[in-house]
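# Summary of structural features
Spelled out from the first residue to the last, the chains are:
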Amino acid sequence: MPDLAAFYPILKPWLFRLDAEKAHTLTVKMMTLAHKIGLLQPAYRGEQKPVTCLGLRFPNALGLAAGMDKSASAVEAWGSLGFGFVEVGTLTPRPQPGNPKPRLFRLPEHRALINRMGFNNPGIHSAVDRLKKRSTKAVVGVNIGKNFDTPNEAAVNDYLYCLKVAWPVADYVAVNISSPNTKGLRDLQGEESMRQLLGALKTEQSKLTSEHGKRIPIVVKIAPDLEELHIQALARVFNEMAVDGVIATNTTISREAVKGHLLENEAGGLSGAPVTARSTEVIRAFRELLAPQIPVIGVGGIMCGQDAVEKLRAGASLVQIYSGLVYAGPGLIGDVLASIAKSA
Ligand SMILES: Cc1cc2nc3c(=O)[nH]c(=O)nc-3n(C[C@H](O)[C@H](O)[C@H](O)COP(=O)(O)O)c2cc1C
């Protein structure tokens, strides 16, 4: 049976000739089709190492990062490829088209991407309807955000709305306050804003837990562009509010690592190899500052198995990938899972 991981090196030059967003849409369509007709193979057949985290059992420590499957259209296919968890979204209360195209750029010399997608998504209801019918062993996280036209003063209502709608289908909910592509969103990472937002979400979490008889963990996804004092302040808030977990990190607005590149001045978040080291530093800092029961999920520039192992060594309990998949293809899933198994 054909193996997608083996095919990717042949497909990649063709895909890289297409506009980056078109290539992405095409790849996900091909993958979904391959899954439907039973052609998708797990990228790793060795020993799996399940992880218990957030009160959930993950078949393995590797997840798909948010943004790759914004609409929850392919969770079964991602699960078949071998991911232990899939984070869908970011989803907003109402559907929205996102920013004008082009809005996704490759920087192959740096194994990096710049994106300013702007939360293009079909709205939380549409994704939740899909997730109701899902059949996958992978844990499914629902990443939530605010609509672009919701002012920051009212942002909490968007998050509360999405939390309520996602509750019946989500295994965990990720609160995205770190995307650089929604105006003012990252201001919600301010200490006071964070305390208010988390306070409201924790109250709603308790209410929904008693209403549904099931508790859904809430994790917060943060940016890599935080000063040390800011990280300390946020860790204090996360400990105080007993957040269930922290995802570190989102894309960076820094262009330090890609200085002089033709696309350096494209607005948006930079991801891939240029964020590997910084994201690991942020993971390490949060691991040291957070209470031991609050796990860190590590993401940012995992381009090979060893990068994942380093994030786990820095204190991450789970890891996620996005840009590495674009450059290495599904073979990266096997590489990461094999490296994790070996590193034990
Ligand atoms: C095209 C693209 C779209 C993304 N969209 C989202 C998103 O909607 N929500 C989110 O929390 N993160 C989003 N991300 C950030 C990734 O989830 C991840 O945190 C970041 O890219 C760093 O990981 P990587 O270097 O493995 O890509 C996006 C990243 C890319 C490249």
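That block above? That's the structure.
Below: a short report on this structure. Note that the structure is predicted; figures quoted are calculated from it, not measured.

Right, let's get into the overall build of the protein. The secondary structure content of the protein amounts to 11 helices and 13 strands. A compact globule built from 344 residues would reach a C-alpha radius of gyration of about 20 Å, and the protein, at 19 Å, matches this within 12%. The dimensions of the protein, computed from C-alpha atoms along their principal axes, are 50 × 45 × 40 Å. Across the protein, every contact between residues at least 6 apart in sequence was considered, and the portion connecting residues at least 24 apart equals 73%. Total accessible area on the protein stands at roughly 14300 Å², and carbon and sulfur atoms take up 56% of it. Averaged over its 39 positive side-chain charges, the protein has a centre that lies 6 Å from the centre of its 31 negative ones.

With that settled, consider the site of the ligand. Taken together, 24 residues form the shell around the ligand, and within it Ala66, Thr90, Lys221, Gly301 and Ser323 come nearest. Threonine 249 places a polar main-chain atom, nitrogen or oxygen, 3.0 Å from an oxygen atom of the ligand. Tyrosine 322 is positioned such that a nitrogen or oxygen atom in its backbone is 3.1 Å from an oxygen atom of the ligand. Considered on its own, the ligand offers 610 Å² of accessible surface; in the complex 98% of this is hidden by protein. Of all elements in the fold, only strand 4 (85-91), strand 6 (112-115) and strand 11 (269-272) reach the threshold of two or more residues within the shell around the ligand. Looking at side-chain class alone, the shell around the ligand contains eight nonpolar, 14 polar and two charged residues.

Right, let's get into a nonpolar patch on the surface. Residues Leu18, Leu26 and Met30 make up a contiguous nonpolar surface patch of about 220 Å² in total accessible area. Judged by relative accessible area, leucine 26 falls into the partly exposed class, the value being 38%.

A word on the pattern of salt bridges. For the structure shown, the criterion picks out 14 salt bridges. Between glutamate 191 and arginine 195 there is a salt bridge; the shortest N-O distance is 3.6 Å. Of the two residues, glutamate 191 and arginine 195 are both situated in helix 6 (residues 191-212); the distance of four residues between them amounts to about one turn of the helix. We classify glutamate 191 as partly exposed; its relative accessible area is 29%. Taking the shortest distance from any N to any O, the salt bridge between aspartate 244 and lysine 202 comes out at 3.8 Å. A residue pair is termed long-range when its members are at least 10 positions apart, and aspartate 244 in the loop between helix 7 (228-241) and strand 10 (245-248) and lysine 202 in helix 6 qualify at 42 residues. The residues aspartate 244 and lysine 202 share a single accessibility class, namely buried. The network of salt bridges with shared partners includes Glu191, Glu192, Arg195, Arg236 and Glu240.

Quick look at unusual backbone geometry now. The amide bond that connects lysine 101 to the next residue, proline 102, takes the cis arrangement and shows omega of -5°. As for its position among the elements, proline 102 is in the loop between strand 4 and strand 5 (104-107). Residue alanine 248 is joined to threonine 249 through a cis peptide bond whose omega torsion reads 10°. Relative to the helices and strands, threonine 249 resides in the loop between strand 10 and strand 11. Although it is not a glycine, alanine 72 sits at a positive phi angle of roughly 60°. The topology assignment puts alanine 72 in the loop between strand 3 (62-64) and helix 3 (75-81). Positive phi is not limited to glycine here, since alanine 242 has a value of about 50°. Structurally, the position occupied by alanine 242 is in the loop between helix 7 and strand 10.

We now examine the packing of helix 9 (residues 305-313) against helix 11 (residues 331-343). Interaxial distance between helix 9 and helix 11 falls to 7 Å at its minimum, and their mutual angle equals 45°. Considered as vectors, helix 9 and helix 11 are oriented oblique to each other. Seen along the crossing, helix 9 lies across helix 11 with a hand that is right-handed. Residue-level contacts link Gly305, Gln306, Ala308, Val309, Leu312 and Arg313 of helix 9 to Leu332, Asp335, Val336, Ser339, Ile340 and Ser343 of helix 11. Taken together, the residues of the contact of helix 9 with helix 11 sort by class into six nonpolar, four polar and two charged.

Turning our attention to the nonpolar core. By size, the foremost hydrophobic cluster in this structure holds 96 residues, and its most contacted members are Trp78, Tyr159, Ile222, Phe238 and Phe286. Counting residues per element, this core draws most heavily on helix 5 (residues 155-166), which supplies seven residues. Beyond its immediate stretch of four places on either side in the chain, isoleucine 222 contacts Ile177, Ser178, Gln189, Leu234, Phe238, Val246, Ile247, Ala248, Thr249, Asn250, Val282 and Phe286.

Under the criterion given, the structure shown has five aromatic pairs. When the ring of tryptophan 78 is compared with that of phenylalanine 83, the centres are 6.0 Å apart and the planes differ by 70°; the resulting orientation is edge-to-face. Of the residues examined, tryptophan 78 reaches a relative accessible area of 4% and is grouped as buried. For phenylalanine 83, a relative accessible area of 3% translates into the label buried. With a centroid separation of 6.0 Å and 35° between ring planes, the pair formed by phenylalanine 238 and phenylalanine 286 is classed as tilted. Taken together, the residues span a long stretch of sequence, with phenylalanine 238 in helix 7 and phenylalanine 286 in helix 8 (residues 276-289) at a distance of 48 residues. Using a relative accessible area of 0% as the deciding quantity, one classes phenylalanine 238 as buried. The ring of phenylalanine 16 carries the charged tip of arginine 106 above its face, separated from the ring centre by 4.4 Å.

Cut-off values and rules
Residues numbered from 1 in each chain as written. Predicted model: local features only at pLDDT ≥ 70, side-chain atom pairs only at ≥ 80, totals over all residues. Heavy atoms only, no water. Helix = DSSP H or I, 4+ residues; strand = E, 2+ residues; numbered from the N terminus. Rg over C-alpha atoms; globule rule 2.2 N^0.38 Å. Contact = heavy atoms within 4.5 Å. Areas by Shrake-Rupley, 256 points an atom, 1.4 Å probe, with all protein chains shown as cover. Lys, Arg positive; Asp, Glu negative; His and termini not counted. Charge placed at Lys NZ, Arg CZ, Asp CG, Glu CD. Near = heavy atom within 4 Å. Polar contact = N/O pair within 3.5 Å; in protein donor to acceptor, adjacent residues only side chain to side chain. Nonpolar A, V, L, I, M, F, W, Y, C, P; charged D, E, K, R; others polar. Patch = residues over 30% accessible without salt bridge, like charges linked within 9 Å, V, L, I, M, F, W, Y side chains within 5 Å. Salt bridge = Lys/Arg side-chain N within 4 Å of Asp/Glu carboxyl O. Buried < 20%, exposed > 50% of the residue type's maximum accessible area, 1.4 Å probe, protein only. Axes fitted to C-alpha atoms, helices over the stretch in contact; angles between N-to-C directions. Parallel < 35°, antiparallel > 145°, perpendicular 65-115°, else oblique. Left-handed = near helix turned anticlockwise from the far one by under 90°. Core = buried A, V, L, I, M, F, W, Y, C linked by side-chain atoms within 4.5 Å. Phe/Tyr/Trp six-rings, centres within 6.5 Å; stacked < 30°, edge-to-face > 60°. Lys NZ or Arg CZ within 6 Å of the ring centre and 35° of its normal.

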